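Per-entry structural report
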Amino acid sequence: MRTSEKPAANAAGLSGPASRKLPVPPRERKPALAALAVLLILGGALATTLLVLRSGDRVSAIRVTQQIGAGQKFTPQAIEEVKIADTGVAFVSWTQRDKVLDSFAAVTLLPGTLLTNQMGVRASSELGQGKATVGLALKPGQMPAGVQPGDRVQVIFVPARSSQGESRVLAASALVFSVGDRSRTGNSGQITVVVEAPAAPEIVAAASAGEVAVAELPGAR
């Protein structure tokens, strides 16, 4: 009796080239990149630690509480002492407040501003030679609401009668030096502006006749 012999099957179920494994390239090690990653991690951790430690260091500084116009003198009511984290910024210390009160704002300072040395000057260019301060008592409609010291306004001649001519600008960019308390003066507005000295006589004459108004110049501080 004849028996049929079957060829043995490949153990992996594959035969020929399919059973050969592709060569795997050796993994390339990059010690320099690994070292750089470690340094970055350590550097970040060190920076975070320093920030946490320095956040506990508090220093005294001066903060503005009222708007101070460019060229205006600092007043005790317009500054206060605050304690802030020592971030390395050279804010003016509260111990220097006497010097601050003897100086003028170099630019218009808004409430909440922390003072730096660049924000103050020893002499005011706005109140120097060739300038004059003029007081204006304005009626309702002759001054916009919300005008504050440090704002810039146009002083405009507004004739009471058309026969006196047309409106014209008397001061193109006058600095508002002070503003009166409207709650005490009713609806009228009393302000003091700094103008060029040659324009002062005409402005005073127009103001005394009630023929002057001011227009605010937003962004012209």
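Treat the numbers as computed from the prediction; the structure is a model and nothing was measured.

Next up on the list: the pattern of salt bridges. Enumeration over the complete set of coordinates arrives at five salt bridges. With its nearest N and O atoms 2.6 Å apart, the salt bridge here joins R63 to E80. Highlighted residues: R63 in strand β1 (residues 58–64) and E80 in strand β2 (residues 79–85), separated in sequence by 17 residues. Assessed through its relative accessible area of 31%, R63 is described here as partly exposed. Between E196 and K131 there is a salt bridge, with the nearest N and O atoms lying 2.8 Å from each other. Residue E196 is located in strand β8 (residues 189–196), and its partner K131 is located in strand β5 (residues 131–138); the two are separated by 65 residues in the primary sequence. With a relative accessible area of 45%, E196 lands in the partly exposed category. What makes K131 partly exposed here is its relative accessible area of 30%.

We now examine the environment of Q72. Its location among the elements puts Q72 in the loop between β1 and β2. Classification of Q72 as buried rests on a relative accessible area of 8%. In sequence terms Q72 and G150 are 78 residues apart; their C-alpha atoms lie 7.6 Å from each other. Excluding anything up to four places from it in sequence, Q72 contacts S103, F104, A105, P149, G150, V176, F177 and S178. Separated by 2.6 Å, the side chain of Q72 and the backbone nitrogen of G69 make a polar contact.

Across the protein, the average pLDDT comes to 77, with 68% of residues at or above 70. Across the protein, element-level confidence peaks in strand β6 (residues 152–157) with a mean pLDDT of 92 and bottoms out in helix α3 (residues 182–185) with 52.

A one-sided burial pattern is seen for β5, the buried positions being A132, V134, L136 and L138 and the unburied ones K131, T133, G135 and A137. Two elements, β5 and β8, share eight bridges in a ladder whose sense is antiparallel. In the sheet register, A132 faces β8, and the bridge partner there is V195.

Okay, the environment of R63 next. Between the C-alpha atoms of R63 and I79, which are 16 residues apart in sequence, the distance is 5.5 Å. If we ignore the near neighbours within four places in the chain, the residues touching R63 are A78, I79, E80, V82, G112, T113 and L114. At a separation of 2.6 Å, a polar atom in the side chain of R63 contacts the side chain of E80.

Below, the discussion takes up the environment of D98. Inspection of the secondary structure puts D98 in helix α2 (residues 97–101). Exposure remark for D98: the relative accessible area of 61% places this residue in the exposed category.

Cut-offs used in this document
Residues numbered from 1 in each chain as written. Predicted model: local features only at pLDDT ≥ 70, side-chain atom pairs only at ≥ 80, totals over all residues. Heavy atoms only, no water. Salt bridge = Lys/Arg side-chain N within 4 Å of Asp/Glu carboxyl O. Helix = DSSP H or I, 4+ residues; strand = E, 2+ residues; numbered from the N terminus. Buried < 20%, exposed > 50% of the residue type's maximum accessible area, 1.4 Å probe, protein only. Contact = heavy atoms within 4.5 Å. Polar contact = N/O pair within 3.5 Å; in protein donor to acceptor, adjacent residues only side chain to side chain. pLDDT = per-residue confidence, 0-100. Pairing = 2+ DSSP bridges.

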